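What follows is each chain in one-letter form.
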Amino acid sequence: MSHVFHRSLTQDYPTAIKGEGPYLIDDQGRRYLDACGGAAVSCLGHSDTAVTEAIREQVGKVAYAHTAFFTTEPMEALADFLVERAPAGLESVYFVSGGSEAMEAALKLARQYFIEIGQPRRRHLIARRQSYHGNTLGALATGGNAWRRQQFEPLLIDVSHVSPCYAYRGLQEGETPEAYAVRLADELEAEILHLGAENVMAFVAEPVVGATMGAVPAVPGYFKRVREVCDRHGILLILDEVMCGMGRTGTLFAAEQEGITADLITIAKGLGAGYQPIGATLVSRRIRDAIASGSGFFQHGHTYIGHATACAAALAVQTTIQQRDLLPRVCELGEGLQRRLTERFGEHPHIGDIRGRGLFQGLELVADRATKTAFDPERKVNARVKQAAMQAGLMCYPMGGTIDGRLGDHILLAPPFILEESHLDEIVDKLDIALRSALGSR
Ligand code: PMP
């Protein structure tokens with residue numbers, strides 16, 4: 001018996017012993033095409049030599065220097081790199097070890113900001129149903145995914161959840177996307193007024209929703225309206241780009257495509273591409289200045305914040321992506337992947353929707369296409385697809401979402417940016433095999 005407390009105690013896991021570009025290889029020599037980057041992490045694939053070399057070099061110089069004593073060259077350089085490319089106003093970066101930690105930092109920074117500026121009643125958060133922001137308690141309380149929350153409820157902080165922007169199920173008959181965006185922004189504003197704007201701290205959302213919905217972008221104009229509502233009521237906008245950021249949707253920050261900026265943006269996953277655990281919270285000038293001229297200190301130190309080796313790895317990942325000009329390639333490959341998925345599965349009786357942006361694509365699995373009825377959760381369709389895909393040599397990320405309180409299923413694809421066109425065919429062919437095996441032949 002393994003002495004590791006694995007995330008599932010009822011499942012056996014193959015042992016990954018080697019990575020080769022977009023493939024992982026297990027101890028039996030089986031090769032798996034990593035079409036989800038683990039969980040949208042491995043954007044440069046596995047065993048990249050430039051990143052490996054940068055890590056080796058940094059470990060040889062200074063692997064770790066506690067941030068209570070020192071700053072380091074890679075941490076400063078990575079902050080410069082990110083701020084130069086970030087949406088307007090985001091001028092400093094707080095480095096942590098992953099996405100949940102980045103969200104915790106964002107929530108505490110928002111809270112501290114309002115305390116520093118003399119508005120201590122602002123502590124209430126608004127997020128969206130069908131969202132995931134991490135597994136630590138603050139981040140878990142923020143997310144609206146019932147399946148992940150319910151066994152730990154009541155959670156420690158109060159969060160209201162409003163409707164996500166989810167055209168496939170949310171757009172009403174005859175409603176235009178513009179009218180849908182207005183309706184959702186009105187819903188957010190009504191919730192703010194219901195709580196009393198003077199009590200509300202921030203609205204939190206993923207620009208393209210990942211784990212709970214399967215790569216769902218908002219309709220055009222939605223985020224612009226959300227930004228306006230937040231500004232009207234003095235509320236901070238926190239964008240969670242842990243999954244969709246760092247080039248995954250074709251631009252370094254997903255917010256760029258919405259034409260807005262945020263007060264705080266969280267990133268992780270693709271930042272270090274799995275070579276080292278790292279996340280970060282980008283902080284607006286306004287928030288940083290309020291803290292700098294107030295208490296001057298953010299009480300959120302973890303032992304490994306700003307880890308020198310992790311920063312060096314992330315800097316190497318990001319400069320490699322830039323030097324190889326991979327972001328236009330993400331758009332090209334993303335279009336190719338979506339076209340192939342639509343050609344192969346567009347009429348599939350159990351695929352209700354194919355959506356996404358860049359190399360962040362999702363398929364929604366339904367029992368009935370016409371009525372959009374989700375599969376009975378008892379059938380554990382997403383788990384079956386995942387298992388069948390692994391047998392076919394494909395890693396994809398099938399998950400159950402929450403549709404009106406029920407579980408629904410989707411598959412998330414988030415492959416590395418280094419793919420060749422032939423890998424796109426391989427993804428679609430293997431997914432077809434997995435779906436036939438998990439759902440029966442068409
Ligand atoms: N936010 C989003 C949008 C995520 O997708 C995730 C991870 N799936 C997190 C936060 C939490 O990140 P981590 O698992 O690195 O703590």
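Everything numeric here is computed off the predicted structure, so don't read it as measured data. (Residues numbered from 1 in each chain as written. Predicted model: local features only at pLDDT ≥ 70, side-chain atom pairs only at ≥ 80, totals over all residues.)

1. Focus on the overall build of the protein
Note the threshold: Secondary structure is summarised from DSSP: a helix means a run of H or I of at least four residues, a strand means a run of E of at least two, and numbering begins at the N terminus for each. The quantity called the radius of gyration is restricted to C-alpha atoms. Its globule counterpart is 2.2 Å times the number of residues to the power 0.38. The burial label depends on the number of other C-beta atoms within 10 Å of a residue's C-beta. Counts of 20 or more mean buried, 12 or fewer mean exposed, and intermediate counts mean partly exposed, with C-beta atoms placed from the backbone. Throughout, a residue-residue contact means that the two C-beta atoms, derived from backbone geometry, are no farther apart than 7 Å.
For the protein, the count of helices and strands is 14 helices and 17 strands. What you see for the protein is a C-alpha radius of gyration of 21 Å, in line with the 22 Å of a compact globule of 442 residues. For the protein, the spread of C-alpha atoms along the three principal axes comes to 65 × 60 × 45 Å. In the protein, which comprises 442 residues, the share counted as buried stands at 50%. Looking at the protein alone, contacts between residues at least 24 apart form 73% of all its contacts between residues at least 6 apart.

2. Some details on the site of the ligand
Note the threshold: Note on definitions: a residue is near a molecule or strand provided its C-beta atom, placed from the backbone, lies within 6 Å of it. When residues are grouped by polarity, Ala, Val, Leu, Ile, Met, Phe, Trp, Tyr, Cys and Pro land in nonpolar, Asp, Glu, Lys and Arg in charged, and all others, Gly among them, in polar.
The local shell around the ligand holds 16 residues, among which Gly98, Gly99, Ser100, Gly134 and Val242 are the closest. Of all the elements, helix α4 (residues 99–116) adds the most residues to the shell around the ligand, at three residues. When the residues that make up the shell around the ligand are grouped by side-chain class, the tally is seven nonpolar, seven polar and two charged.

3. Comments concerning the domain arrangement of the protein
We apply this condition: Note that the domain bounds were set by an automatic or database domain assignment.
One can read the domain layout of the protein as domain 1 (16–48 + 325–439) and domain 2 (52–321). Between the C-alpha centres of domain 1 and domain 2 the distance comes to 25 Å. Counting residues at the interface gives 39 residues for domain 1, matched by 33 residues for domain 2. Only α1 (37–40), α12 (326–345), β13 (351–357), β14 (360–365), β16 (397–403) and β17 (406–413) provide two or more residues apiece to the side of domain 1 that touches domain 2. By residue class, the composition of the side of domain 1 that touches domain 2 is 19 nonpolar, 14 polar and six charged.

4. What about the sheet that holds strand β15 (residues 394–395)?
The cut-off we apply is this: Paired strands, as defined in this entry, are two strands with at least two bridges between them according to DSSP.
Taken in spatial order, the four strands make up an open sheet running β1-β2-β3-β15, and their pairing is mixed. One side of each edge strand has no neighbouring strand; the edge strands of this open sheet are β1 (16–20) and β15.

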